[in-house]
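# Residue-level structural notes
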Amino acid sequence: MATISKLSSPNPAAALSSSFKSRSSSSLKCFVGFPATTGFNSKLVSSSSSSLVNNHPSKGSLVVRCSVVDGNGSSVNRTTLHDLYEKEGQSPWYDNLCRPVTDLLPLIANGVRGVTSNPAIFQKAISSSNAYNDQFRELVQSGKDIESAYWELVVKDIQDACKLFEPIYDQTDGADGYVSVEVSPRLADDTEGTIEAAKYLHKVVDRPNVYIKIPATAPCIPSIKEVIANGISVNVTLIFSLARYEAVIDAYLDGLEASGRSDLSRVTSVASFFVSRVDTLIDKMLEKIGTPEALDLRGKAALAYKLYQKKFSGPRWEALVKKGAKKQRVLWASTSVKNPAYPDTLYVAPLIGPDTVSTMPDQALQAFMDHGTVSRTIDANVSEDEGIYSALEKLGIDWGNVGSQLEEEGVEAFKKSFDSLLDTLQEKANSLKLVSL
């Protein structure tokens, strides 16, 4: 990882685009075993009156359903996102970040409770906007190399976004209100490099509600344990298989136990499954098989697991709870719909359940706010879901191979975005008549 040193103070981040298309009804199947209890604070509401514009062709722009008054007499916009959190215990996050950060305010008012970012998001943000030019010019003219300048741009955005979500973090006692920043994708196979990068990013961002994103690659599983043991909260990303998910949970529990801390309440984590990417690959495999049985299973293979309840219960977990430990929540990522034949809320609506997070890009967020239904769905048809999972295996779908292929593709995609962004910044430096160092 190139140097990311002497990072400077915050500056704004995050925007929201506006068009999406409604699709026909379909279904998504998953296997879950969640406990009935939830750990959310139903009292938190925003006092902002901003609203999100919606361009759904048949619904007009009626996103905000009603206006209520909180305990302090302030007018509060009520949306589906508020219901999602307060009624079902799922935290809606926004999967995007760019400048200006104040564009996040209407989203927070409408119920968004956190932000995720990744190299692809920053590649798009920085390469398509002039909002970074002034800071970038100053950084390069002060002697920063291109990659170091990149990290300074990113850290400013993360710091400012963290500031906006800090009230949510405080009011939930550190359970929500996080902003995620990912270590360099070049470190996906570097255990020690990932540990050092995570420590450094945590130090320079210097916000209590920052999540350091670490990929769930085999070399980074020990990194996750070590980073957690150092008291750093982690968003474990790029999870595609049940076996790897179990390793991620174990790394979190091992890290908590190894920390030696008497108070574990501020060391938290989420485990991020990339749902639509799994469906997309499985669909291709099923179409290649081509039998009627195989084709009937398309769109019903996103993710399935029962480990959550098993791992976060029993004597081992209860011993950690006594020290204030919080469950590692499941985070549904890659929730945008890739297949136009599927409904635009396919990777949100069927995955609603307590102690989970759904991070949504623009299209999925607006679709769910406009016509999403809030209801616990994640464990509604467990026996049926198990049958689908088994049927896929019988057709020759090897879940281990699926996970390995998607992990490799995911890491490579982020590396490509990262390298492309550095090339873009070099071109920007040249266009600004700056000298590369």
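Presented here is a report on the structure given in the accompanying data block. (Residues numbered from 1 in each chain as written. Predicted model: local features only at pLDDT ≥ 70, side-chain atom pairs only at ≥ 80, totals over all residues. Heavy atoms only, no water.)

On to the overall build of the chain. Helix and strand content of the chain: 15 helices and nine strands. Burial status across the chain gives 58% buried among its 437 residues. Total accessible area computed for the chain in this model is approximately 16900 Å², and 48% of it derives from carbon and sulfur atoms. (Helix = DSSP H or I, 4+ residues; strand = E, 2+ residues; numbered from the N terminus. Buried < 20%, exposed > 50% of the residue type's maximum accessible area, 1.4 Å probe, protein only. Areas by Shrake-Rupley, 256 points an atom, 1.4 Å probe, with all protein chains shown as cover.)

Moving on: the packing of aromatic side chains. All told, the structure shown has 11 aromatic pairs when counted by the stated rule. Ring plane angle 50° and centroid distance 6.4 Å describe the contact between Y252 and F312, whose orientation is recorded as tilted. Linking Y252 in helix 8 (residues 242–258) with F312 in the loop between helix 11 (307–311) and helix 12 (314–321), this pair joins segments that are 60 residues apart in sequence. Of the two residues, Y252 and F312, neither departs from the other in class, the shared state being buried. Where F273 meets W332, the ring centres are 6.0 Å apart and the plane angle is 40°; that geometry is what we call tilted. On the criterion of sequence distance, the pair formed by F273 in strand 7 (residues 269–274) and W332 in strand 8 (residues 329–333) is long-range, its members being 59 residues apart. (Phe/Tyr/Trp six-rings, centres within 6.5 Å; stacked < 30°, edge-to-face > 60°.)

The subject of this paragraph is helix 7 (residues 221–229). Among the residues of helix 7, I221, S223, I224, V227, I228 and A229 are the ones counted as buried. If you follow the buried residues of helix 7, they end up packed against helix 6 (191–205), strand 5 (210–215), strand 6 (234–239), helix 8 and strand 7. One or two steps after helix 7, the chain reaches G231, where phi turns positive at roughly 80°. (Contact = heavy atoms within 4.5 Å.)

A few words on the environment of E88. Considering the arrangement of structural elements, one finds E88 in helix 1 (residues 80–88). For E88, a relative accessible area of 17% gives the class buried. When the C-alpha positions of E88 and P354 are compared, they lie 5.6 Å apart, and in sequence the two are 266 residues distant.

Moving on, we get to the nonpolar core. One finds L104, F136, Y150, I158 and L256 to be the most contacted residues of the largest nonpolar core, which totals 93 residues. Discounting residues that sit within four places of it in the chain, F136 has contacts with I146, A149, L153, L425, K428, A429 and L432. Core analysis: the next-biggest nonpolar cluster, separate from the first, contains 26 residues, V270, L281, L406 and V411 among them. (Core = buried A, V, L, I, M, F, W, Y, C linked by side-chain atoms within 4.5 Å.)

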